[in-house]
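Reading the structure
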Amino acid sequence: MGRPVAIIGVGQTKHGRRMDVSYPDLVREAVLRVFEDTGLTPNDIDGVVSGTMPSMMEGVALTHFYFADAMQAVGKPIMKTETCGSTGVSIAHTAFYWVSSGMADIVLAVGHEKMNEGDSQATMTTVCEPFYQRHFVAGAPGAFSMQSRVWMDNFGIPEDKVRDAAAYISKTHHDSAFDNPYAHVKLRVTIDDVKNSKIITYPIRLLDVCPNSDGACAVIFASEEAVRKLGRKKVAWVKGIGFRGEEYYFGDSDKAVWQSAIQAAKEAYDQAGINDPRKDLDVAEVYNPFTFQEMMFYECFGFCGFGEAPDLVLKGTFARGGQLPCDPSGGTLCTNPIGATGLIRVAEAALQVMDKAGDHQIPGSKMALGHAMGGADQFNGVMIVGSEL
Amino acid sequence: MANRVAIVAVSQNAGAESKDNFYDQAYRVVKDALDKAGMSREEIHTVVSASSDIFHGGISCANAYYWESSAAFLKPGSRQDGESLFALAYAAMRIMTGKHDTALVVGLCKGSENPENDTCTHMFTDPFYQREVGLNETVAAALQMRLYMERFGVAHEQCAKVAVKNLGNALRNPYAHKKGIYTIDAVLDSKRVIDPLTAMQIAPKSEGIIALVLASENKAKKLTDKPVWLKGYSSSLDTFNFGDRDLLNGQLKNAASRAYKMAGITNPRKEVDLAEITEPYAFQELLWCEDLGFCDPGGGGKLIDSGATQRDGALPVNASGGVLANNPYVSRGLQRAVEAFLQIRGEAGEHQVGKKVKTALAHGTHGFAGQCHAVAILGS
């Protein structure tokens, strides 16, 4: 279906509290890195896809204007893709379709966010409907803590076990971030540190939660013909994509058996020919702004049965040496410049199958999943990449 | 184009303030488009919408709000921000890959719930240099207009004629927000907003929910006898710093030449039968006509004087009344495509042009003095 498309290179900023650069310069840093990584120049680019969180985040609207120069996009065809937190994966989807359709051969995708210049939780509260829901949902933790309660109750998972598994995830991801030169939070934590950290919204504690990061990510997508012409061997072929959005009203849908996540993954699996994701995938970059939610994604993505995730987490199934390592980059938990985050998941998945992930490489990765979630648990997007066409 | 994509049905709402809430408005227009295509929601494979977030409507992540009422519930979908013609192109790309057979494109902008247009456009500025000086789309347009008149000797009266023509055309368009028979003097004597722009040369703030059903070639032929094909498309982005740009030598030429090339058009003056252009400021219709190759550089004033762009002219421009009559900020580009579709099908009602329309151009622009342009070529 359509022309095959590959990711041929990625560029990331050093994510974190980047008060040393302006927002356009942050974007420029990622874009220059992807040109360095691929050896291409802006002249090689047929189109640019840009995306971010809503304008309230940094107080600038329609930022493709602002970053026209930083993205090297002057005189180029442009797309501006935004789907809330899932923006990063939606940007990757747009770049994929643009190349796959034959409308372009080489497309630059750029996601960005400079969260330390605004109030991210205030912004996210305005995602919610203004009359009934906005007053109840205090930013992201409110929605996600309710969701984690629903999940525990639904499957009768003891709270202590979930707490232990979440702490395990937090500890191992914080350890992994030390192997990722671009990660934001680099902090050695123990299981007890996580369990005793400050309550944010019960049962979620500080070390269960992602940071506010400044960061940008740039990824270049190319057609099969362009890959051959450029003589590239190590590329990440796009094997499957999926996206679903569900009810706007938070209470209207089951957030434990979470249809947007389940169906987005299924769509991508069907395209990639994946039947048993835990076996067929070598690594997954799951969007995990909250430790609890990461386990729900394991279940919705079919990595294990419903209600089983905490047990498997505690067995190490999803740790770096386990059967299906998840978020070896440290994930969203350690780095979250939201508009870039989904694209970082895709970029990290691509680095793994290109065998270019450095110290956090999972050896022999051939098939990897990148994912992002957006809205008040409303949207899920997935992209699967593989080392073989 | 390898896999051809057709528009098979369209729907739009009226530009004046509606009592319907956003959900209902979106639902009605989308349902109407599906009914016209003879399709159920289940037959739509993918939905691409266009909207803008908190500064247009008070909701961050606008797609969250209208996702279900625009038929996208549990469907593969996406959203474009700022320019709705992006969404048309993106939905077409989705079909061209063969992954999807049908697509719904929806542009959404509920002007009556938005702040003033320039409260929003002011937020395009960077926070350090340009915001402090109060730059917004109207200030930028006023500077561009002054330059245009000085460099090419275009007269105030020629700019005002665009408003006279478009607001007059709008009398025949039931969806138009502003309309009426005015004299050039009335336009020039209307309130001076930002010199040299007067109030009637500036587009209003309108409602605009727009829906189009797209289909692959095979599917389109089953759905309609009169498919309208997307023959060409491109967009182009200009540099950010306002003072760095030559405001009369922008990116529209680039976007147009790429779209023409894709559509196989070598002489737009002859091959384009009708154009729907985004002219939030009257003089911009003249300037954009030059950049689109409808006349020589600097010839926009003479073009309107010649009558060629009138509804009964050789190359009707904005027979619907254009954006001066109806300005739902984000949706306005897609509305141009809807009008082009209706003209090609001969279904534009009282504002149907007299001549046969085989090829029509839809243009969208957003940003200061046209920082970004998109051009779509539709044909029978």
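For the structure given in this document, a descriptive report is provided here.

The rules we used
- Residues numbered from 1 in each chain as written.
- Chains lettered and ligands numbered in written order.
- Predicted model: local features only at pLDDT ≥ 70, side-chain atom pairs only at ≥ 80, totals over all residues.
- Helix = DSSP H or I, 4+ residues; strand = E, 2+ residues; numbered from the N terminus.
- Rg over C-alpha atoms; globule rule 2.2 N^0.38 Å.
- Buried ≥ 20, exposed ≤ 12 C-beta atoms within 10 Å, placed from the backbone.
- Contact = placed C-beta atoms within 7 Å.
- Pairing = 2+ DSSP bridges.
- Axes fitted to C-alpha atoms, helices over the stretch in contact; angles between N-to-C directions.
- Core = buried A, V, L, I, M, F, W, Y, C linked by C-beta atoms within 7 Å.
- Parallel < 35°, antiparallel > 145°, perpendicular 65-115°, else oblique.
- Nonpolar A, V, L, I, M, F, W, Y, C, P; charged D, E, K, R; others polar.
- Expected span 1.5 Å × (residues − 1).
- Arc of directions from axis to C-beta.

Right, let's get into the overall build of chain B. In terms of helices and strands, chain B carries 14 helices and 11 strands. Taking 2.2 N^0.38 as the reference for a compact globule, 380 residues should give roughly 21 Å; the C-alpha atoms of chain B span a radius of gyration of 19 Å, in line with that estimate. Counting only C-alpha atoms, chain B reaches 55 × 45 × 35 Å along its principal axes. Taking all 380 residues of chain B together, the buried fraction comes to 65%. Put simply, of all contacts in chain B between residues at least 6 apart along the chain, 76% involve residues at least 24 apart.

What follows concerns the sheet that holds strand β2 (residues 46-51) of chain B. All names here are of chain B. One open sheet holds the nine strands; their spatial order is β3-β2-β4-β7-β1-β8-β11-β10-β9, and the pairing between them is mixed. The strands lining the two open edges of the sheet, one partner per strand, are β3 (77-81) and β9 (274-276). Taken over all neighbouring pairs, the strand axes of this sheet differ in orientation by 25° on average, direction set aside. Pairing of β9 with strand β10 (residues 359-366) involves three bridges; the strand directions are parallel.

So, about the nonpolar core. The biggest cluster of nonpolar side chains holds 272 residues, and the ones touching the most others in it are Ala109(A), Val219(A), Val105(B), Leu214(B) and Ala376(B). Examining the composition of this core, we find that 11 residues originate from one element, helix α3 (residues 84-96) of chain B, more than from any other. When residues no more than four places from it in sequence are discounted, the contact partners of Ala376(B) are Leu85(B), Leu88(B), Leu230(B), Tyr233(B), Ala259(B), Ala337(B) and Ala362(B). One finds Met53(A), Met56(A), Met57(A) and Met115(A) within the second-largest nonpolar core, a separate group that totals five residues.

All names here are of chain A. With respect to topology, nine strands assemble into an open sheet ordered β3-β2-β4-β7-β1-β8-β11-β10-β9, the strand pairing being mixed. Both edges of this open sheet fall to β3 (78-80) and β9 (283-285), since each of them pairs with a single strand only. On average, adjacent strands in this sheet sit at an angle of 25° to one another, irrespective of strand direction. Bridge analysis of strand β1 (residues 5-12) against strand β8 (residues 236-245) gives two bridges, and the strand direction is antiparallel. Within the sheet, the bridge partner assigned to Ala-6 lies in β8 and is Trp-237. In this fold helix α8 (residues 259-272) packs onto β8 and β11 (379-386), with an angle of close to 150° to the strand it touches most, β8.

A separate point is the packing of helix α2 (residues 87-100) of chain A against helix α13 (residues 338-353) of chain A. Residue and element names in this part refer to chain A. Where α2 contacts α13, the two axes come as close as 5 Å, and the packing angle between them is 60°. With respect to α13, the element α2 is oriented oblique. Of α13, the residues touching α2 (which contributes Thr-87, Gly-88, Val-89, Ile-91 and Ala-92) are Gly-339, Ala-340, Thr-341, Gly-342, Leu-343, Ile-344, Arg-345 and Val-346. Partitioning the contact of α2 with α13 into residue classes produces seven nonpolar, five polar and one charged.

Facing 53 residues of chain A, the contacting portion of chain B comprises 48 residues. When residues of the side of chain A that touches chain B are traced back to their parent elements, those giving at least two are β3, α2, β8 and α8 of chain A. Per-element accounting of the side of chain A that touches chain B gives the leading share, six residues, to α2(A). Grouping the constituent residues of the side of chain A that touches chain B by class yields 22 nonpolar, 23 polar and eight charged.

Turning to the pairing of β11(A), a few remarks are in order. All names here are of chain A. Counting buried positions along β11 gives eight out of eight residues, so the element sits mostly inside the fold. Here β11 shows a buried face lined by Phe-379, Gly-381, Met-383 and Val-385 and a second buried face lined by Asn-380, Val-382, Ile-384 and Gly-386. As paired elements, β8 and β11 share eight bridges and run antiparallel to each other. Looking at the pairing, Gly-242 lines up with Val-382 of β11. Counted between consecutive antiparallel strands, the loop separating strand β10 (residues 367-374) from β11 contains four residues, among which Gly-375 sits at a positive phi close to 70°.

All names here are of chain A. With 14 residues, α8 extends 20 Å from end C-alpha to end C-alpha; this agrees with the ideal 20 Å at 1.5 Å per step. Within α8 the residues assigned to the buried category are Ser-260, Ala-261, Gln-263, Ala-264, Ala-265, Ala-268, Tyr-269 and Ala-272. The elements touched by buried residues of α8 are β8, α9 (277-280), α10 (291-300) and β11.

A few words now on helix α1 (residues 22-37) of chain B. Residues and elements named next belong to chain B. Over its 16 residues, α1 runs 23 Å from end to end, which matches the ideal 22 Å to within 8%, given 1.5 Å per residue. Within α1 the residues assigned to the buried category are Phe-22, Gln-25, Ala-26, Val-29, Val-30, Ala-33, Leu-34 and Ala-37. One side of α1 holds all its buried residues, which, seen down the axis, span an arc of 155°. Looking at the buried positions of α1, the neighbouring elements they touch are β1 (5-12), α2 (62-66), β4 (102-110), β7 (207-216) and α8 (217-223). Gly-38 sits one or two residues past α1 and shows a positive phi near 70°.

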